[in-house]
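# Working through the structure, step by step
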Amino acid sequence: GSPGDGVRWHSHIARTMRSLARHFLDFPYDRDLSLRIEEINDHTYKSVFKYLRFTGEPERFSGKHIFFGSVDKSPARNGELLNIHLYRSKTVLALKPIVTYEVRVQVSQWPSLDYSRLLNEIEEGRKARINSLNIPTNSQHYAWLFFLGEQDEKNPLRFFVEDYRLICCREGVWPFPH
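The paragraphs below set out a description of the structure included in this document. Source: prediction; values computed, not measured. (Residues numbered from 1 in each chain as written. Predicted model: local features only at pLDDT ≥ 70, side-chain atom pairs only at ≥ 80, totals over all residues. Heavy atoms only, no water.)

### Quick notes on the sheet that holds strand β4 (residues 81-85)
Rule in force here: Two strands are said to pair when DSSP picks up at least two bridges between them. Comment: elements are numbered from the N terminus, with helices defined as DSSP H or I runs of at least four residues and strands as E runs of at least two. Between two residues, a contact is recorded if the distance between any of their heavy atoms is within 4.5 Å. Geometry is summarised by axes, namely lines fitted to C-alpha atoms with helices restricted to the contacting stretch, and by angles between N-to-C directions that run from 0 to 180 degrees.
With respect to topology, five strands assemble into an open sheet ordered β3-β4-β5-β8-β7, the strand pairing being mixed. Looking at strand neighbours, the two that pair on one side only are β3 (76-78) and β7 (150-151), the edges of this open sheet. Note: β7 against strand β8 (residues 158-161), two bridges, orientation antiparallel. Each bridged residue has a counterpart across the sheet, and for E150 the counterpart in β8 is F160. Against the sheet, helix α3 (residues 112-132) engages β3 and β4, with an angle of about 15° to β4.

Right, dumping it as structure tokens:
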């Protein structure tokens, strides 16, 4: 929409993944607002952001999106890769394995400040999650990992990120309106 046509509209230039993630978490009722990102064909917050959940079979995504999910445990570095596992989905049948999405981040060329910032964001979010489990409310916190990356063609549970500007972790409550 545009100003004056009865549609909610605002003009703002987000320069970082952090500002996009913050808006997504802080304004859950603004998902129909326009969002234009050069590499992504969709044009609203609701269609650009894709929640990584497991509902039986791993989902295959066409095109680029900003993916997000809750961090499960501390990331592990393996040479040039930082492996981040997203929260394990619950399984209905005990015979099925617990499934985890994995984000592999190529960090060998990252500035050390940006590498440390991502690790700190993840740990702060995980600590907030653990602390919120002891609070008797419905507002449990999560460490939400947001990234613009590629899904592995052979393994749909795996994603790849290279650019440090295209990934962040934000602590927050469940980002969907009730």
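### Considering the packing of aromatic side chains
Inclusion rule: The criterion for an aromatic pair is that two Phe, Tyr or Trp rings (for Trp, the six-membered ring) have centres within 6.5 Å, with stacked assigned to planes under 30 degrees apart, edge-to-face to planes over 60 apart and tilted to the rest. Any residue under 20% of the maximum accessible area for its type is buried, any over 50% is exposed, and the rest in between are partly exposed; the area is computed with a 1.4 Å probe on protein chains only. Comment: the charge-over-ring label is applied if NZ (Lys) or CZ (Arg) is within 6 Å of the ring centre and within 35 degrees of the ring normal.
Taken as a whole, this structure holds 18 aromatic pairs when the rule is applied. An angle of 70° between the planes, with centres 6.1 Å apart, marks the rings of Y51 and W144 as edge-to-face. Placement of the pair is Y51 in strand β1 (residues 49-51) and W144 in strand β6 (residues 141-148), with a sequence separation of 93 residues. Given a relative accessible area of 21%, Y51 falls into the partly exposed group. Ring geometry for F61 versus F67: centroids 5.0 Å apart, planes at 65°, classification edge-to-face. Taken together, the aromatic side chains of F24, Y45, F49, Y51, F68, Y142, W144 and F146 make up a single cluster linked through ring pairs. Above the plane of the ring of F24 lies R31, whose end atom (NZ or CZ) is 3.7 Å from the centre. Lying across the ring of Y115, R77 places its NZ or CZ 4.9 Å from the centre.

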